[in-house]
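Structure assessment
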Amino acid sequence: MNEQNLVASPPPVYTVKEVSQLLHTNPAFVYRLMGLLPALKLGSIRVRKAALDEFLQRYEGHDLSDPLNIKELAVG
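Figured I'd write up the structure that's included with this text.

1. Let's talk about the environment of V75
Secondary-structure assignment places V75 in the segment after β5 (71-72). A relative accessible area of 86% means that V75 is categorised as exposed. When the C-alpha positions of V75 and G61 are compared, they lie 9.6 Å apart, and in sequence the two are 14 residues distant.

2. A closer look at helix α1 (residues 16-23)
Turning to α1, its buried residues number three or more, namely V16, V19 and S20. Seen end-on, α1 carries its buried residues on one side only, within an arc spanning 100°. Contacts made by the buried residues of α1 are with β1 (13-15), α2 (27-33), β3 (44-48) and α3 (49-58). In the stretch just after α1, H24 is the one whose phi turns positive, near 55°.

3. Observations concerning the pattern of salt bridges
In the structure shown here, the tally under the stated rule is 2 salt bridges. R32 is the partner of D66 in a salt bridge, and the nearest nitrogen-oxygen pair spans 3.9 Å. Within this pair, whereas D66 is found in the loop between β4 (62-63) and β5, its partner R32 is found in helix α2, the two being separated by 34 residues in sequence. Among the residues examined, D66 registers a relative accessible area of 34% and is labelled partly exposed. R32 gets classed as partly exposed once you look at its relative accessible area, which sits at 47%. Where K49 meets D53, a salt bridge forms, and the shortest distance between an N and an O atom there is 2.9 Å. In this pair, K49 and D53 are both assigned in helix α3, 4 residues apart and thus about one turn of the helix distant. For K49, a relative accessible area of 28% puts it in the partly exposed group.

How each quantity is defined
- Residues take numbers from 1 onward in each chain, read along the sequence in its written order.
- Where local features are concerned, this predicted model is filtered to residues with pLDDT of at least 70; where side-chain atom pairs are given and counted, the filter is 80 or more; whole-chain, interface and lining totals use all residues.
- The side-chain figures draw on all heavy atoms in the structure; neither hydrogens nor water molecules are used.
- Helix and strand definitions follow DSSP, with helices as H or I runs of at least four residues and strands as E runs of at least two, each counted in order from the N terminus.
- Buried, partly exposed and exposed residues are distinguished by accessible area as a fraction of the type maximum, computed with a 1.4 Å probe on protein chains only: under 20%, between the cut-offs, and over 50%, respectively.
- It is the directions from the helix axis to the C-beta atoms whose arc is reported.
- Whether two residues are in contact is decided by their heavy atoms, any of which lying within 4.5 Å being enough.
- Counted as salt bridges are all cases of a side-chain nitrogen of Lys or Arg within 4 Å of a carboxyl oxygen of Asp or Glu.

Have a look at this one:
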């Protein structure tokens, strides 16, 4: 067996709990991000890895503490 086959790849979709762990926040906040963060329901709410990556790039440098009132981060 090839050793490359033994290396675990990241899942193509994450649960809300997994997203919250990756972002070091809580699941309730991830649910508040729905609408900004594309998701789909496959039995439970799931977020594609690509969608999470795009979300992080799009909102880098912004304050998302209140997803309904997004502001650019103030420097200084």
